[in-house]
Amino acid sequence: MARMRILIILVSLLAGRAACDGIEQMRLLGPQGVNLWRLNTATTSNPALAQAPLLVQQSAETYPEALPASEEPQSEPARKFPAHWFTQPLDHFADNASSGHTFQQRYWVSTRHYRPRPDAPVIVLDGGETSGLDRLPFLDTGIVEILTKATGGVGVILEHRYYGRSVPVQNFTTDSLRWLNNAQSAADSANFMANVRFPGVDEDLTAPNHPWIYYGGSYAGARAAHMKVLYPDLVYGAIASSGVTHAALELWEYSDTVRRAADPKCAQNLESSFQVVDALLDVPATRTAIKALFGLAKLKHDDDFASLISSPIGMWQGKVWDPKVGSTGWDEFCEALDKPFRPWNEADTAEYDESVGLVTITDDFAVPLPVYNHARYIKEKYVPLCPGGAFEECFGTHDDSKYQGTDLSQTWRLWMFQVCTEWGYFQTAPPAGTPRIITCRMDLAYESKLCKQAYLPGKEFVVPEFPNVTVVNALGDFDIAADRLAIIDGEVDPWRPATPHSQYAHDRPDTILQPFKLIPNAVHHYDEYGLPKLSDEPLEIQLIHEEMIGFVVSWLSDWEAPSSPSH
């Protein structure tokens, strides 16, 4: 009878809406994401990397000496391609050009396939919102290697200002970050293309005297499209892979894309789990019990608890067709949700009644098996990240001071600043009535509060109440297009709703001059990855690479040198 009473309580809870079903929801990196970044960094980072030098420089010659190679991990691609430096102005648009503040932008070059000739191309890959070191594999076996091999061109990885070692400031205060925006970073790329002289290359390969093809994936994909629009005289062709050309305040479609693309049983298990968890959090008598089941009874705020247990959704984006670089985390999470009942440990007195599908935790409390398995996964994978069980310190987000460190080791502040000022993408739970695989408790106030917590008003710059997404969307939005601008997206990419292949965008033809391609079953910028032998790649990846080679070669065949060289 006790179990039947528990079942009746659960059914009655789920028959009505959880209290948050009608509230606007939002989620992206957010405060909980920063907490996880901090915990991960504390256990995996090299302490030497936190000690970055002053990077406002007047002399490029002295800069490499300030960065001994021993300070950074030397991957095989890093050993093959040494870093070089290019002097950039801190502010391309300053009224007082005599201020003279400059910094050194890092880049890498591959000339392994270069054939000197008047029409030799340069394939440049935008480093985007991470260290350029993370992009070096694409210079060795990925898309840059593929295209330079096919065209006899020079390959380049260009690190984005503020990321990696291309840091122009002494700290990451609000004022120091004010030069981290779309216009300044685009001007960096344009200045580089028009003026760089590659070490070891005698020829002047600057744009527009040679054809430059600009490639980017994800945020950098949007930048590739923007570069073609903003600097058409310098960018002969561009490829936007998973390019998020539509900036949005909220992106609830992220999790919904995962729900629709995931294994149906996995999606069903997650729907069931969050439906129950959100309902139990609304009931004072079961609020503490559900947190305790997940090993997080000491986590004070419900929104912190709910956001933490929603975190595995991000693992879908880590899927890659090449198992050597992709993550299997999402598949492992789904497997964990579907496991048969097994007690947590010897002290666990829980019992499973298969006839009603409930795991009885105590005489007064029971949950469906997917909830129990979800809790087990969080206890195994997330709770151990917090040594000593100081959960409020590890996973709490209501202490503003946690997010106000501004030294150069706080690299999470970079992309989050761009989110808060120009890009948005706070992810919401789907609207009421739409199935969901994350908690309903992620609202705008919670997910965007980091913009106020972390970026205190400066003397020179104040972060706006909401990001000014207009500065992004004014460059073309979903409809961004130009001759020799390729749009390539993944069919099941959770960022697809922010790309020109969004369900909200107009369809368009796929042509050689304006390629518009959707890779079947692909997640995030799948075309960026490659193998030494294209014939070893999956068929759909072979196909997209062959098509990319085809349209780039066609573009280059039409290139004509300017009538009067710029240099």
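All values derive from a computational prediction rather than experimental measurement.

**Notes on the overall build of the protein**
Then, in step 1: Within the protein one finds 19 helices and 13 strands.
Then, in step 2: Here the protein holds 567 residues, and 56% of them are scored as buried.
Then, in step 3: Within the protein, contacts between residues at least 6 apart in sequence are counted, and of these 76% link residues at least 24 apart.
Then, in step 4: Total accessible area computed for the protein in this model is approximately 23300 Å², and 53% of it derives from carbon and sulfur atoms.

**Considering the nonpolar core**
Then, in step 1: If you look at the biggest cluster of nonpolar residues, it comprises 84 residues, and the most contacted ones within it are Ile239, Ile290, Phe294, Leu296, Trp330 and Phe395.
Then, in step 2: When residues of this core are assigned to their parent elements, the largest contribution, eight residues, is made by helix H9 (residues 264-281).
Then, in step 3: Those residues within four positions of Ile239 in sequence are excluded, and the remaining contacts are Leu147, Ile213, Tyr214, Tyr215, Gly216, Ala224, Ala486, Ile488, Met548, Phe551, Val552 and Trp555.
Then, in step 4: With 37 residues, the next largest nonpolar core counts Tyr163, Ala247, Leu414 and Met416 among its residues.

**Some thoughts on the packing of aromatic side chains**
Then, in step 1: Within this structure, the stated rule accounts for 25 aromatic pairs.
Then, in step 2: Grouping aromatic residues by their ring pairs yields a cluster made of Tyr219, Tyr254, Trp415, Trp423, Tyr425 and Trp495.
Then, in step 3: Sitting over the ring of Trp316, Lys319 keeps its end group 4.9 Å from the ring centre.
Then, in step 4: Positioned above the aromatic ring of Tyr236, the side-chain terminus of Arg484 is 4.1 Å from the ring centre.

**A few points about the packing of helix H12 (residues 329-337) against helix H13 (residues 369-381)**
Then, in step 1: Interaxial distance between H12 and H13 falls to 8 Å at its minimum, and their mutual angle equals 135°. As the angle between them shows, H12 and H13 are arranged oblique. Across from Gly329, Phe333, Ala336 and Leu337 in H12, the residues of H13 making contact are Pro370, Asn373, His374 and Tyr377.
Then, in step 2: Classifying every residue of the contact of H12 with H13 by side-chain character gives five nonpolar, three polar and no charged.

**Comments concerning the pairing of strand S9 (residues 358-362)**
Then, in step 1: For strand S8 (residues 351-353) and S9, the ladder comprises three bridges, and the chain directions are antiparallel. Within the sheet, the bridge partner assigned to Asp353 lies in S9 and is Leu358.
Then, in step 2: Joining the antiparallel neighbours S8 and S9 is a turn of four residues, in which Gly357 adopts a positive phi near 70°.
Then, in step 3: Hairpin geometry of S9 and strand S10 (residues 365-368) is characterised by an intervening segment of two residues between the two adjacent antiparallel strands.

**Examining unusual backbone geometry**
Then, in step 1: A cis amide bond, omega 5°, links Ala207 with the succeeding residue Pro208.
Then, in step 2: With respect to the helices and strands, Pro208 occurs in the loop between helix H6 (182-195) and strand S5 (212-217).
Then, in step 3: Look at Asn521: it is not a glycine, yet its phi comes out positive at around 60°.
Then, in step 4: Relative to the assigned elements, Asn521 resides in the loop between strand S13 (516-519) and helix H19 (539-557).

**What to know about the sheet that holds S8**
Then, in step 1: With antiparallel pairing, three strands are arranged side by side in an open sheet as S8-S9-S10. Each of the sheet's edge strands pairs with one partner strand only, and the pair in question is S8 and S10. Direction aside, neighbouring strands of the sheet carry axes that sit 30° apart on average.
Then, in step 2: Here S9 runs beside S10; their pairing, made up of four bridges, is antiparallel. The residue bridging Leu358 from the neighbouring strand is Pro368, located in S10.

**What about the state of the cysteines?**
Then, in step 1: In the structure shown here, the tally under the stated rule is three disulfides.
Then, in step 2: Each disulfide pairs two cysteine sulfurs, and for Cys266 the partner residue is Cys334, the sulfurs being separated by 2.0 Å. Disulfide Cys266-Cys334: the torsion about the S-S bond is -70°, which places it as left-handed. Here Cys266 is found in helix H9, whereas its partner Cys334 is found in helix H12, with 68 residues between them in sequence. The pair Cys266 / Cys334 is uniform in exposure class, with both members buried.
Then, in step 3: Paired through a disulfide, Cys386 and Cys394 show a sulfur-sulfur distance of 2.1 Å. Sign of the S-S torsion, about 85° for the bond between Cys386 and Cys394, identifies this disulfide as right-handed. Taken individually, Cys386 and Cys394 each receive the classification buried, so the pair is uniform in this respect.

**Things to note about the side chain of Glu159**
Then, in step 1: By the element assignment, Glu159 lies in the loop between strand S4 (154-158) and H6.
Then, in step 2: Accessibility expressed as a relative area gives 0% for Glu159, which makes it buried.
Then, in step 3: Engagement of the side chain of Glu159 in a polar contact is seen with the backbone nitrogen of Arg165, the distance being 3.0 Å.
Then, in step 4: Excluding residues within four positions of it along the chain, Glu159 makes contact with Gln105, Arg106, Trp108, Ser131, Gly132, Leu133, Gly164, Arg165 and Ser166.

**Describing the packing of H9 against helix H11 (residues 302-309)**
Then, in step 1: Where H9 meets H11, the closest approach of the two axes is 11 Å, and the angle between their N-to-C directions is 170°. For the element pair H9 / H11, the angle class is roughly antiparallel. Within the contact between the two elements, H9 uses Phe274, Val277 and Leu281 and H11 uses Asp302, Phe305 and Ile309.
Then, in step 2: Across the contact of H9 with H11, the residue classes break down as five nonpolar, no polar and one charged.

**What to know about the pattern of salt bridges**
Then, in step 1: Tallying each qualifying case throughout the model produces 20 salt bridges.
Then, in step 2: Among the salt bridges present, the one from Arg441 reaches Asp278, with a minimum N-O distance of 3.2 Å. Taken together, the residues Arg441 in the loop between strand S11 (424-426) and helix H16 (444-448) and Asp278 in helix H9 connect sequence positions 163 residues apart. Asp278 shares its class with Arg441; the two are buried.

Reading the values: the criteria
- Residues numbered from 1 in each chain as written.
- Predicted model: local features only at pLDDT ≥ 70, side-chain atom pairs only at ≥ 80, totals over all residues.
- Heavy atoms only, no water.
- Helix = DSSP H or I, 4+ residues; strand = E, 2+ residues; numbered from the N terminus.
- Buried < 20%, exposed > 50% of the residue type's maximum accessible area, 1.4 Å probe, protein only.
- Contact = heavy atoms within 4.5 Å.
- Areas by Shrake-Rupley, 256 points an atom, 1.4 Å probe, with all protein chains shown as cover.
- Core = buried A, V, L, I, M, F, W, Y, C linked by side-chain atoms within 4.5 Å.
- Phe/Tyr/Trp six-rings, centres within 6.5 Å; stacked < 30°, edge-to-face > 60°.
- Lys NZ or Arg CZ within 6 Å of the ring centre and 35° of its normal.
- Axes fitted to C-alpha atoms, helices over the stretch in contact; angles between N-to-C directions.
- Parallel < 35°, antiparallel > 145°, perpendicular 65-115°, else oblique.
- Nonpolar A, V, L, I, M, F, W, Y, C, P; charged D, E, K, R; others polar.
- Pairing = 2+ DSSP bridges.
- Disulfide = S-S within 2.5 Å.
- Polar contact = N/O pair within 3.5 Å; in protein donor to acceptor, adjacent residues only side chain to side chain.
- Salt bridge = Lys/Arg side-chain N within 4 Å of Asp/Glu carboxyl O.

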